[in-house]
Amino acid sequence: MSVVRIAPSILSADFARLADEIAMLEAGGADWVHVDVMDGRFVPNLTFGAKVIETVRRLTELPMDVHLMVVEPEKYFDDFVDAGATGLTVHAEVTPHLQRQLTRIRELGAAAGVALNPSTSLSMVENVLDDMDLLLVMTVNPGFGGQQFIPHSLEKIGRARRMLDEAGSRAVLELDGGINRDTIYPCWRAGADAFVAGNAVFSADDPRAEIGMLRAQCVERA
Ligand code: DX5
Ligand code: ZN
């Protein structure tokens, strides 16, 4: 079976204690740190930019999976990679020159990802499968942490898995939104191999242990 990657989203972290929160993620065995960049235009919320990426980079050597919920994402590629991002994921809905942008991300030495909103068809990426290191299927409408997983996503995840396999793609299939102990197992069964988790980790009674609990759900059950 494929490797399971758990990517806690610091959107739900306590920023007054960011160093402790990042240390907790490391101690809990997080694979990546997921950083949600929002511009108040593509999504109705504002978060952070290069300064926070640089701060997180000083606190950890974990891969930093940066999710760009912004229009004109290409404006930020150089600064974000310089600041320590190891993966940049752009939304297909706002990136008409997707092939060019993915190529540019790879040129900068980062993993190139494409994110799709719940209403966006998988056909948006069928012509860039070779240019993509990660496909991020949104399982909520982006903008906020703590939302409910959209059940219809399961069928899309299965189709995404088949599309990647049939193309011989080695891209990681990542999910984002409403992932918790209950939703992660069917998603893993449907073929996802990386899971963003914000609320599920940071609001858990024991956030550090929750990372392992999420991973433990992804096992073949008799
Ligand atoms: C949503 C963000 C997510 C968010 C996930 O727009 O892209 O990464 O932090 O949060 P949860 O896991 O709480 O749904
Ligand atoms: Zn995200």
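Residues numbered from 1 in each chain as written. Chains lettered and ligands numbered in written order. Predicted model: local features only at pLDDT ≥ 70, side-chain atom pairs only at ≥ 80, totals over all residues. Heavy atoms only, no water.

Visitor: I'm lost on the site of ligand 1 in this one. Help?
Guide: By nearness alone, 20 residues border ligand 1, and D36, G143, G146, D176 and G198 come closest of all. The separation between an oxygen atom of ligand 1 and a polar side-chain atom of D176 is 2.7 Å. A total of 380 Å² of accessible area belongs to ligand 1 in isolation, and the protein chains cover 99% of it. Of all elements in the fold, only β2 (33-38), β3 (64-69) and β8 (194-197) reach the threshold of two or more residues within the shell around ligand 1. (Near = heavy atom within 4 Å. Polar contact = N/O pair within 3.5 Å; in protein donor to acceptor, adjacent residues only side chain to side chain. Areas by Shrake-Rupley, 256 points an atom, 1.4 Å probe, with all protein chains shown as cover. Helix = DSSP H or I, 4+ residues; strand = E, 2+ residues; numbered from the N terminus.)

Visitor: Honestly, unusual backbone geometry in this entry has me stumped. Any pointers?
Guide: Keep in mind that most residues, glycine aside, have a negative phi and that most peptide bonds are trans. In this structure, E72 takes a positive phi of about 50 degrees despite not being glycine. Classification of E72 by relative accessible area gives partly exposed; the value is 36%. (Buried < 20%, exposed > 50% of the residue type's maximum accessible area, 1.4 Å probe, protein only.)

Visitor: Explanation requested: helix α4 (residues 98-107) in the structure shown.
Guide: Given 3.6 residues to a turn, an α-helix orients residues that are three or four positions apart in the same direction. Every buried residue of α4 is listed here: L98, Q101, L102 and I105. The arc that holds every buried residue of α4, seen down its axis, measures 100 degrees, which confines them to one face. Within α4, the exposed residues directed more than 90 degrees away from the buried face are R100 and E107. Those residues of α4 that are buried lie in contact with α3 (77-83), β4 (87-91) and β5 (111-116). Two residues or fewer after α4 comes G109, characterised by a positive phi angle close to 90 degrees. (Arc of directions from axis to C-beta. Contact = heavy atoms within 4.5 Å.)

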